[in-house]
Amino acid sequence: MLGAGGGTSSYEEIESTDLIVLWGSNARNAHPIFFHHLMKGVRNGAKMFAVDPRRTESARWADVWLGIDVGSDIALANTIAREIIAAGLTNDEFIRHSTSGFDEFAASVEEWTLERGEEVTGVPAEAIRQLAHDYATAETAQLCWTLGITEHHNATDNVLSLINLALLTGHVGRYGSGLVPIRGQNNVQGGGDMGALPNKLPGFQDVTNDEHRGKFEAQWGVDVPAEPGWHVTQMFDAMERGDIRAMYIIGENPAQSEADSRRTIDLLEGLDFLVVQDIFLTKTAALADVVLPAAAGWAESDGTATSSERRVQVMRKALDPPGEAKDDLDILSLLAAEMGHGWGMPTAEEVWDELRSLSPMHGGMSYRRLEELGGLQWPCPDEDHPGTLFLHGWLWEDPLPREPAPFSSVEWAPPIDPLSDEYPMRLTTGRRLDGYNTGVQSGGYRSPIATGGVIDLDPVDAADLGVSDGDVVRVTSRRGHIDVVARHRDGLRPGLAFMAIHWPDDADVNTLTLDAWDPKSGTAEFKATAVRIEPVQR
């Protein structure tokens, strides 16, 4: 909505901000480096609110925990917005100067009284009121979120509802106040920046824009399709229709990471031809016709990586890849040659220099400057530019250099997978500190904090189910069932269970999850599965 696919703030800003709202993020487990910065802010006096269905390891550091019902984030955000407006706490000058659509937005949230917000979200009205007032009156505030917001069928609207709060209060576009989407894994930000999106070229340049597309066509000597491609979820739908018959997967393990994994595996097995390029023989690679062994990018390749604060850093090769494994760039170059395209064998720096000649936000980021300065934050348009500490300072310029930022009227809708007498409990998924993604890189190592594949239950729920700590239970959804060890854990809302995603060989939670997806982002609703839990054995 604000025109850039990255967080507005630098890590250092959360260390000195007055207020932190951590929404749908257990950053202490999932983003420990960022959480160190956050904790500096807490120790420096920042007040912290945690919005999360679970009282997580992160929420335990908060001054106030808002234990929200899964999937009611828009309802909560609209209630906070309505309270800010009703209490006269809006930043009227900022709204007048820098935004559009306020009157329509205010009308859209009028129904979201504190009482209705409490009824839908399960959060006490007084806690909602406190967050609304403290956020609106803070001098500076950081609003942070991650997969707890984005892994829903209405993920984009969830994010827009949070952006509305920043526009109401002026908590964006200035030092200390910002919107902070914490990226889910290493270099996710860099992947998006480089064009790993179906509708964007590198530098978030739209493929439908003739001028943007023309630059790349001139450089590459080929036509670039003017229509956006498919995101991952659409690709699997196309496989089901027979419109995709072959697939080339690089560094991804969809057989265990996609929702409704049984369907995913069936579709992969039904392809005419599957190529997987990876550093491990993943469950996906085991299904492939051809496996291309790749180098580990963090140790065996040169290149760049981009963090959640938009900081681009140079990564230098420390080791040669083992055996027949090769750098991803070399594999692609050799494959291009076999297909009749003579790219040569460009170095990572040569590819980067081509990239920054085409992407204005990276123009000033030579390897020399990145190494000398320890990284630079985009946008950095030329080699005299110091990089950009925070985004959207233009919102405070007079006159505005571009169109004002629009409010977005978004309606709350409950999770797609409804609770019922047959499936009365809500299962949500997430990360633990002991694992990484589907466990391919972390599951083979022993750790004193490793939990393996378990399901966390509230002790009261467990007692009602007749499940003791350590019992094996059968967890059944509308898509399948798994048997898994149960643990009693405090901090869960009644009727809520939790499983980590890192141990699919122990307990494949994505056998249960629903592949309903957000039509704007393509993200599946991993966070809200309706299940039935039954004891199997002691």
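Moving on to the packing of aromatic side chains. Throughout the structure, instances matching the rule amount to 7 aromatic pairs. Through a chain of ring-to-ring contacts, the aromatic side chains of Phe102, Phe105 and Phe407 assemble into a single cluster. One cation-aromatic arrangement involves Arg310 over Trp378; the distance from NZ or CZ to the ring centre is 5.7 Å.

This brings us to the domain arrangement of the chain. Per the domain assignment, the segments of the chain are domain 1 (11–181), domain 2 (188–377) and domain 3 (425–535). Computed over C-alpha atoms, the centres of domain 1 and domain 2 are 33 Å apart.

Judged by pairing direction, the sheet is antiparallel, and its 3 strands sit side by side in the order β12-β13-β14 without closing on themselves. Since the sheet does not close on itself, it has two edges, and those belong to β12 (303–306) and β14 (376–377), each with one partner. Direction of pairing for strand β13 (residues 311–315) relative to β14: antiparallel, over a ladder of 2 bridges. For Arg311, the partnering residue across the bridge sits in β14 and is Gln377.

Before going further, it helps to examine unusual backbone geometry. Along the chain, Trp378 connects to Pro379 via a cis peptide bond; the corresponding omega equals 0°. If you trace the backbone, Pro379 turns up in the loop between β14 and β15 (405–406). Cis geometry is found at the peptide bond from Asp398 to Pro399, where omega equals 5°. One non-glycine residue with positive phi stands out, namely Asn437, at about 50°. Structurally, Asn437 is set in the loop between β16 (425–430) and β17 (454–457).

Residue position: His97 is located in helix α5 (residues 92–98). Separated by 2.9 Å, the side chain of His97 and the backbone oxygen of Glu397 make a polar contact. With sequence-adjacent residues up to four places away left out, His97 is seen in contact with Leu395, Trp396, Glu397, Asp398 and Leu400.

Looking now at the sheet that holds strand β6 (residues 178–181). The strand order across the open sheet built from 5 strands is β3-β2-β1-β5-β6, with neighbouring strands paired in parallel fashion. Of all the strands in the sheet, the pair left with one neighbour each is β3 (64–66) and β6. Each neighbouring strand pair of the sheet contributes to a mean axis angle of 15°, computed without reference to strand direction. The pairing of strand β1 (residues 19–23) with strand β5 (residues 141–145) spans 5 bridges and is parallel.

Parameters at a glance
Residues numbered from 1 in each chain as written. Predicted model: local features only at pLDDT ≥ 70, side-chain atom pairs only at ≥ 80, totals over all residues. Heavy atoms only, no water. Phe/Tyr/Trp six-rings, centres within 6.5 Å; stacked < 30°, edge-to-face > 60°. Lys NZ or Arg CZ within 6 Å of the ring centre and 35° of its normal. Domains from an automatic or database assignment. Pairing = 2+ DSSP bridges. Helix = DSSP H or I, 4+ residues; strand = E, 2+ residues; numbered from the N terminus. Polar contact = N/O pair within 3.5 Å; in protein donor to acceptor, adjacent residues only side chain to side chain. Contact = heavy atoms within 4.5 Å. Axes fitted to C-alpha atoms, helices over the stretch in contact; angles between N-to-C directions.

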